[in-house]
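Listed here are the chains, written in short residue letters.
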Amino acid sequence: VTERIWVIWGAWVYQQVHGQIGESQSKARRAMEIAQEGGSDDALLVAHVMLLQAAFYEGRWKDALEHGAQIERFYDAEIHGPLRDAYSLDLMVVWYVHGCQAHWMLGNFQQADEMRARARAFSEEIDHMYSRLWVSVWSANLDLLNGDFAHIQKTVPAAIQSSETHGFDYTARLGNMI
C-alpha cells in the first residue's frame, strides 16, 4: 500500500506544481482510497498530507484544518521522521505551516500564531535543515499578512542565504519573493 501511495504522490506533485488542480485533487482522493483499503497508518498520513495541501492551495481552509487534525492523529515522530528524506521535509511541518496560514485566513489569529510557534519549535527540535528553512520562509508569509516587515527583514535574508548555501533553490526563491 505504502509503495502505491508514493507513486500516486509523485504524479500528484507533478500535477499540483503544474497547476493541474483538478487532476491533482483526483490523485489525492485516490491516495486516500488506497490508504483506506490497505489500512496502513503510514499511507493514511501521506494521503492526509496530500489532501491538506490540495485543500490549502484551493483556499478550502476548513478542509485543510480537518486534514491537519488527521495528520496529528497519525503522525509519530519516531516512525514518520524518516519520511523526511522521501518527502524532502517533515510531514508535521507541512501541517503546522499550512495550518497557521489557514487559521489566519479564517480569522483565527491567535491560533495562527500558536501554530507558527509550534512549527518553528518543532523544526528546531527535529534538526532537519530543509524543514527548518522551509518553516522560516513559509511562516514569513504570516509576517507578511500581519504587516510585520521588521521580522521579515530580520529572518528571511538569513534563510535565503542558508538555503543558497545548502542548494535549496525552492526555499531561496520563495524567500526572495517575500
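For the structure, check the block above.
Residues numbered from 1 in each chain as written. Predicted model: local features only at pLDDT ≥ 70, side-chain atom pairs only at ≥ 80, totals over all residues. Heavy atoms only, no water.

(A) Region of the structure containing the overall build of the protein chain. When its secondary structure is counted, the protein chain shows 11 helices and zero strands. In the protein chain, the succession of helices and strands from N to C terminus is α-α-α-α-α-α-α-α-α-α-α. The C-alpha atoms of the protein chain give 16 Å as radius of gyration, which agrees with the globular expectation for 178 residues (16 Å, within 12%). When the backbone C-alpha atoms are referred to their principal axes, the protein chain occupies close to 50 × 35 × 30 Å. (Helix = DSSP H or I, 4+ residues; strand = E, 2+ residues; numbered from the N terminus. Rg over C-alpha atoms; globule rule 2.2 N^0.38 Å.)

(B) Quick look at the packing of helix α9 (residues 129-146) against helix α10 (residues 149-166). With their axes 9 Å apart at the nearest point, α9 and α10 run at an angle of 150° to one another. When the interaxial angle is binned, α9 and α10 end up roughly antiparallel. In the packing of α9 onto α10, the handedness of the crossing is left-handed. On the side of α9, the interface is formed by Met129, Leu133, Ser136, Val137, Ala140, Asp143 and Leu144, while α10 contributes Phe149, His151, Ile152, Thr155, Val156, Ala159, Ser162, Ser163 and His166. (Axes fitted to C-alpha atoms, helices over the stretch in contact; angles between N-to-C directions. Parallel < 35°, antiparallel > 145°, perpendicular 65-115°, else oblique. Left-handed = near helix turned anticlockwise from the far one by under 90°. Contact = heavy atoms within 4.5 Å.)

(C) Region of the structure containing the nonpolar core. In terms of nonpolar packing, the biggest core is built from 53 residues, with Met50, Tyr87, Val93, Trp95 and Trp134 touching the most fellow members. Those elements that place two or more of their residues in this core are α1 (2-17), α2 (21-38), α3 (41-58), α4 (61-74), α6 (83-87), α7 (91-105), α8 (109-126) and α9. Take this core: its biggest share by element is 12 residues, from α3. (Core = buried A, V, L, I, M, F, W, Y, C linked by side-chain atoms within 4.5 Å. Buried < 20%, exposed > 50% of the residue type's maximum accessible area, 1.4 Å probe, protein only.)

(D) Representation of α9 in the model. Under the 1.5 Å per step criterion, the end-to-end length of α9 is 26 Å for 18 residues, consistent within 8% with the ideal 26 Å. Inspection of α9 places Tyr130, Ser131, Leu133, Trp134, Val135, Val137, Trp138, Ser139, Ala140, Asn141, Leu142 and Asp143 among the buried residues, and these make up the whole buried set. Looking at the buried residues of α9, the elements they touch are α3, α7, α8, α10 and α11 (169-177). Residue Gly147 follows α9 closely and has a positive phi angle near 75°. (Expected span 1.5 Å × (residues − 1).)

(E) Geometry of the side chain of Ser131. Within the element layout of this structure, Ser131 appears in helix α9. In this structure, Ser131 is in contact with Leu89, Asp90, Val93, Ser123 and Ile126, ignoring residues within four places of it in sequence.

(F) Structural view of the pattern of salt bridges. Going through the model one piece at a time under the given rule, you end up with 11 salt bridges. A salt bridge links Arg30 to Glu33; the shortest N-O distance between them is 3.1 Å. Linking Arg30 with Glu33, this pair stays in helix α2, spanning three residues, or about one helical turn. Judged by its relative accessible area of 39%, Glu33 is partly exposed. Note that Glu37 and Arg30 form a salt bridge whose closest N and O atoms lie 3.9 Å from each other. We classify Arg30 as partly exposed; its relative accessible area is 31%. (Salt bridge = Lys/Arg side-chain N within 4 Å of Asp/Glu carboxyl O.)

(G) Structural detail: the packing of α1 against α3. Interhelical geometry of α1 versus α3 gives an angle of 15° and a closest axis separation of 9 Å. By the angle between their axes, α1 is roughly parallel relative to α3. Two packed elements cross with a definite hand, and for α1 against α3 that hand is left-handed. Here Thr2, Ile5, Trp6, Ile8, Trp9, Trp12 and Gln16 of α1 come into contact with α3, specifically with Asp42, Ala43, Val46, Met50, Gln53, Ala54 and Tyr57. Its residues assigned to classes, the contact of α1 with α3 shows 10 nonpolar, three polar and one charged. (Nonpolar A, V, L, I, M, F, W, Y, C, P; charged D, E, K, R; others polar.)

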